[in-house]
Amino acid sequence: EPEVTQTPSHQVTQMGQEVILRCVPISNHLYFYWYRQILGQKVEFLVSFYNNEISEKSEIFDDQFSVERPDGSNFTLKIRSTKLEDSAMYFCASSEALAGATGELFFGEGSRLTVL
Amino acid sequence: AQSVSQHNHHVILSEAASLELGCNYSYGGTVNLFWYVQYPGQHLQLLLKYFSGDPLVKGIKGFEAEFIKSKFSFNLRKPSVQWSDTAEYFCAVNAKGNNRLAFGKGNQVVVIP
C-alpha cells in the first residue's frame, strides 16, 4: 500500500538553527499538507500546498516557516530560526483530491522536532 | 473557524467491552467529519468519514460513527473492543470546500486483555 514517508523521524536542534523536515507524498497525490502536534495539545493545521504554491496557511505558519516541492517528489518544511515553542511532532499528509471535497488525507509517521 | 471537542482523554477498558467516544464540533455550515486512529508507533490512519448521505457510517475494524446534525456530534462506537484497538483516536472536521482539518485533542484508549 502506498504511504507517505517522512525524514528524519527525530531531530534535535539548538534554538536559532534552521531545520528542514522532509516528506515524500504518495506519488499520484496533488495536495500536500503539514500539520503539527505539540505534546499534549491538538493536531494543528499549518499549511496546504497545491500546484507548486501555498493554497492555505494558518496563523502559526509565519515568516519563519516555508514549504517547497524541490524536485517533484519531495515536499519540505523549513523552519528558518527555530524557537523552543517549535518543539512538536510534525506530520506531513497528502491527498488525491481537495480535503474539503472528498479527499482523504494520508499521513506520514511524523517527525519529532526537539529544540533545546 | 471550526473547532472540535473530545472528552475523556484517557479511556481504559477490558476486552469485549463496548466503546463510545464523543466528538462535538462547532461550525454553523456544512462539514465533513472524520475519525483517525494512531496505533502505537504508527501514523494517523483514517478509520471512517462522513461527507453526506446515511448519518450512520461504518468504518474499518468494526467501528461506526453517527452524525447527529442537531447535536453537532459525530460519536465513534465499537460494540466489542479488542486488545489491538489500543490506540489514540482523533476526531476531525473540515468545512465543505476547505482544506483545513481541525482536530480534537484525541482519546487515548487502552484495552486490557
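Because the structure is predicted, anything quoted here is derived from the model rather than measured.

Turning to the pairing of strand S7 (residues 65-68) of chain A, a few remarks are in order. All names here are of chain A. Bridge count between S7 and strand S8 (residues 75-79): 4 bridges; the pairing is antiparallel. When the bridges of S8 are listed, Phe65 appears paired with Ile79. Remark: 6 residues form the turn of the hairpin made by S7 and S8, two consecutive strands paired antiparallel; Gly72 in that turn has positive phi of roughly 85 degrees.

All right, on to the environment of Tyr90 of chain A then. All names here are of chain A. Structurally, the position occupied by Tyr90 is in strand S9 (residues 88-95). Spatially, the C-alpha atoms of Tyr90 and Glu59 are 16 Å apart, while their sequence positions differ by 31 residues. Sequence-distant contacts of Tyr90, that is, excluding residues within four places in its chain, are made with Gln6, Leu21, Trp34, Tyr35, Arg36, Leu46, Phe65, Leu77, Ile79, Gly110, Ser111 and Leu113.

Turning our eyes to something else, we now look at the packing of aromatic side chains. Summed over all chains, the structure comprises 19 aromatic pairs over all chains. Residues Tyr36 of chain B and Phe103 of chain B carry aromatic rings whose centres are separated by 6.0 Å and whose planes lie at 45 degrees to one another, so their mutual orientation is tilted. In this pair, Tyr36 of chain B sits in strand S5 (residues 31-38) while Phe103 of chain B sits in strand S11 (residues 102-103), placing the two residues 67 residues apart along the sequence. There is no split in this pair, since Tyr36 of chain B and Phe103 of chain B are both buried. Grouping aromatic residues by their ring pairs yields a cluster made of Tyr35, Phe45, Phe91 and Phe107 of chain A together with Phe34, Tyr36, Phe51, Phe90 and Phe103 of chain B.

Rules of the game
Residues numbered from 1 in each chain as written. Chains lettered and ligands numbered in written order. Predicted model: local features only at pLDDT ≥ 70, side-chain atom pairs only at ≥ 80, totals over all residues. Heavy atoms only, no water. Pairing = 2+ DSSP bridges. Helix = DSSP H or I, 4+ residues; strand = E, 2+ residues; numbered from the N terminus. Contact = heavy atoms within 4.5 Å. Phe/Tyr/Trp six-rings, centres within 6.5 Å; stacked < 30°, edge-to-face > 60°. Buried < 20%, exposed > 50% of the residue type's maximum accessible area, 1.4 Å probe, protein only.

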